[in-house]
Amino acid sequence: MSGTSSNKRKLLIIGPSPKSFGGVAIHIRRLAILMQDEFDISYIDEGRERFEGFFNLRSLNLFKYLNFIIKADDVYINSGLFFLRIFHIIVCKILLRKKTIVAIHHDVTRERMIPLTKFFVKKCDTLLVVNQTTEKIFKNCVKNLIYLSAFIPPNIEQEPELPQEVIDWCMKCRNNDDAVLMVSNAWNLVTHNGYDLYGLDLCIEAIKLLLDKGKKNFYLVFVVASNTSNQDMMAGYKRFIKNNNLEENILIWESPLSFVRLIQKCDIVLRATNTDGEALTIREAFCFNKKVVASDVIPRPTNTFLFKNRDSSSLANAIEVAANCNNHLISDDHTLDYYKKFYLEIFNN
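Keep in mind the model is a prediction, meaning the values are calculated, not measured. (Residues numbered from 1 in each chain as written. Predicted model: local features only at pLDDT ≥ 70, side-chain atom pairs only at ≥ 80, totals over all residues. Heavy atoms only, no water.)

A. Broad picture of the packing of aromatic side chains. The tally for this structure, following the rule as stated, stands at 13 aromatic pairs. A ring pair is formed by Trp-169 and Tyr-219, whose centres lie 6.3 Å apart and whose planes are at 85 degrees; its orientation type is edge-to-face. Pair noted here: Trp-169 is in helix α6 (residues 164-173) and Tyr-219 is in strand β11 (residues 218-224), with a separation of 50 residues, a long-range link. By relative accessible area, which is 15% here, Trp-169 ends up buried. We classify Tyr-219 as buried; its relative accessible area is 11%. Ring centres of Phe-342 and Tyr-343 lie 5.8 Å apart, and the angle between their planes is 80 degrees; this geometry places the pair in the edge-to-face category. Among the residues examined, Phe-342 registers a relative accessible area of 26% and is labelled partly exposed. Three or more aromatic residues joined by ring pairs form one cluster here, namely Phe-39, Tyr-76, Phe-151, Tyr-338, Tyr-339, Phe-342, Tyr-343 and Phe-347. Above the plane of the ring of Phe-119 lies Lys-123, whose end atom (NZ or CZ) is 4.6 Å from the centre. (Phe/Tyr/Trp six-rings, centres within 6.5 Å; stacked < 30°, edge-to-face > 60°. Helix = DSSP H or I, 4+ residues; strand = E, 2+ residues; numbered from the N terminus. Buried < 20%, exposed > 50% of the residue type's maximum accessible area, 1.4 Å probe, protein only. Lys NZ or Arg CZ within 6 Å of the ring centre and 35° of its normal.)

B. Main features of the sheet that holds strand β8 (residues 180-186). Strand order in the open sheet formed by six strands is β12-β11-β8-β13-β14-β15, and the pairing between neighbours is parallel. Since the sheet does not close on itself, it has two edges, and those belong to β12 (250-253) and β15 (305-307), each with one partner. For this sheet, the mean angle separating the axes of adjacent strands, direction not counted, is 20 degrees. (Pairing = 2+ DSSP bridges. Axes fitted to C-alpha atoms, helices over the stretch in contact; angles between N-to-C directions.)

C. Highlighting unusual backbone geometry. Here the phi dihedral of Met-113 falls at roughly 60 degrees; this positive angle occurs in a residue that is not glycine. Take Met-113: it is sitting in the loop between β5 (99-104) and α4 (114-121). Residue Met-113 is classed as partly exposed on the basis of its relative accessible area, which comes to 46%. For Asn-289, which is not a glycine, the phi torsion comes out positive at approximately 55 degrees. Within the fold, Asn-289 resides in the loop between α10 (280-287) and β14 (291-295).

D. Seen up close, the environment of Ala-72. Along the chain, Ala-72 falls in the loop between α2 (62-71) and β4 (74-77). Here Ala-72 falls in the buried class, since its relative accessible area comes to 3%. Residues Ala-72 and Leu-11, spaced 61 residues apart in sequence, show a C-alpha to C-alpha distance of 5.8 Å. Dropping the residues within four chain positions of it, Ala-72 is found in contact with Lys-10, Leu-12 and Lys-98. (Contact = heavy atoms within 4.5 Å.)

E. View of the pattern of salt bridges. Inspection of every chain in the model, using the stated rule, returns 15 salt bridges. A salt bridge links Lys-172 to Glu-248; its shortest N-O distance comes to 3.3 Å. Of this pair, Lys-172 sits in helix α6 while Glu-248 is found in the loop between α8 (231-243) and β12, placing the two residues 76 residues apart along the sequence. Each member of the salt-bridge network shares a partner with another, and the members are Lys-213, Lys-215 and Glu-320. (Salt bridge = Lys/Arg side-chain N within 4 Å of Asp/Glu carboxyl O.)

F. Local environment of the nonpolar core. In this structure, Met-182 and Val-293 are the most contacted members of the largest nonpolar core, which totals 37 residues. Among the elements of the structure, β8, α7 (200-212), β11, α8, β12, β13 (268-271), β15 and α11 (312-323) are those that each provide at least two residues to this core. The biggest single contributor to this core is α7, with eight residues. Apart from the residues lying within four places of it in its own chain, the contact partners of Val-293 are Ile-268, Val-269, Leu-270, Arg-271, Phe-305, Phe-307, Leu-315, Ala-318, Ile-319 and Ala-322. Formed by 28 residues, the second largest nonpolar core is a distinct cluster that contains Phe-68, Phe-82, Ile-89 and Phe-138. (Core = buried A, V, L, I, M, F, W, Y, C linked by side-chain atoms within 4.5 Å.)

G. Representation of empty space enclosed by the protein. Scanning all chains against the criterion turns up one cavity of 30 Å³ or more. Of the pockets and cavities examined, the largest cavity occupies roughly 40 Å³. His-27, Tyr-76, Ala-103, Ile-104, His-105, Leu-128, Val-130, Leu-148, Ala-150 and Tyr-343 together form the lining of the largest cavity. (1 Å grid on protein atoms, 1.4 Å probe; cavity = no way out; pocket = protein on both sides within 12 Å on 5 of 7 lines; lining within 4 Å. Points joined across faces, edges and corners; volume = space filled by probe spheres on them.)

H. Representation of the pairing of β13 in the model. A two-sided burial pattern is seen for β13, the buried positions comprising Ile-268 and Leu-270 on one face and Val-269 and Arg-271 on the other. Strand direction decides the pairing type here: β13 and β14, joined by four bridges, are parallel. For Val-269, the partnering residue across the bridge sits in β14 and is Val-292.

I. Structural context of the side chain of Asn-78. When you line up the elements, Asn-78 lands in the loop between β4 and α3 (82-95). Judged by relative accessible area, Asn-78 falls into the buried class, the value being 2%. Polar side-chain contacts of Asn-78 include one of 2.8 Å to the side chain of His-105. Setting aside residues no more than four positions away along its own chain, Asn-78 makes contact with Ile-13, Ile-14, Gly-15, Pro-16, Val-24, His-27, Ile-28, Ala-103 and His-105. (Polar contact = N/O pair within 3.5 Å; in protein donor to acceptor, adjacent residues only side chain to side chain.)

Encoded structure:
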């Protein structure tokens, strides 16, 4: 897919389709909307799921792949897999001499072959990183390194309405005057170092601990946008919820929805990951002046309530502290125009 104006510079975005799930897809989708008046945008989709109108790299159509790159003025690489990132750099920058911007959206220490990554990313025009660990690794080998948030504020008017079932469940929770409604999400159920990466298990255990203490006013909606990886894990979670009478307090929603609209309805946003890049979810929560409880696995933004990584008791305690804090409003006061100018400087510099 691409625009039609021949007067605009042509920006090629490589990574997950903007119609896909997850933080990187959200970044690409919002960036494209932000830049649509400035660039003629096209995409190379790397995802497993195919979307109509988008060229997918897994089609293995090398001619079409090269044609997209040849036509582009600027290439913005958002690959999550290091070997794909390196492949694109070789083709786009080294062979075809295109202006190439690379973004690494996660903690690069999760990858292998970091020396090889260093060798190739330093050949690019700009490297964007979203956390301090990754910044330190590339600080002395990349000429134009930018450490920034990949967050772009949502345009709430363009967000789809929530499913009625989710709205009804939230309203039912609010029938309790003291209700504390929490939300969290995962693009899929995946593991890291043998544990649930997004910490759904921790969230469930924390709710149980709070209920065991007589705190029956805590509720959780956990969104799993596309559960294709660990069906058995999900089945185990649902059994635990049923066996421990947690069904009134926990809703697992296994389908994509507008998470920012869900954030608007909650009191606390949970980020229980056992690894992280930047966590756009936290930035989105702050956008709507919501409290955030997050693991201490990486440095988090100021005013985040932290809990000890992979510790459900610590999570439950942090939830209670956040719920009882009455003076904790944070807002990202940067406008969409601010972010537009910021990225224009990156692409046009």
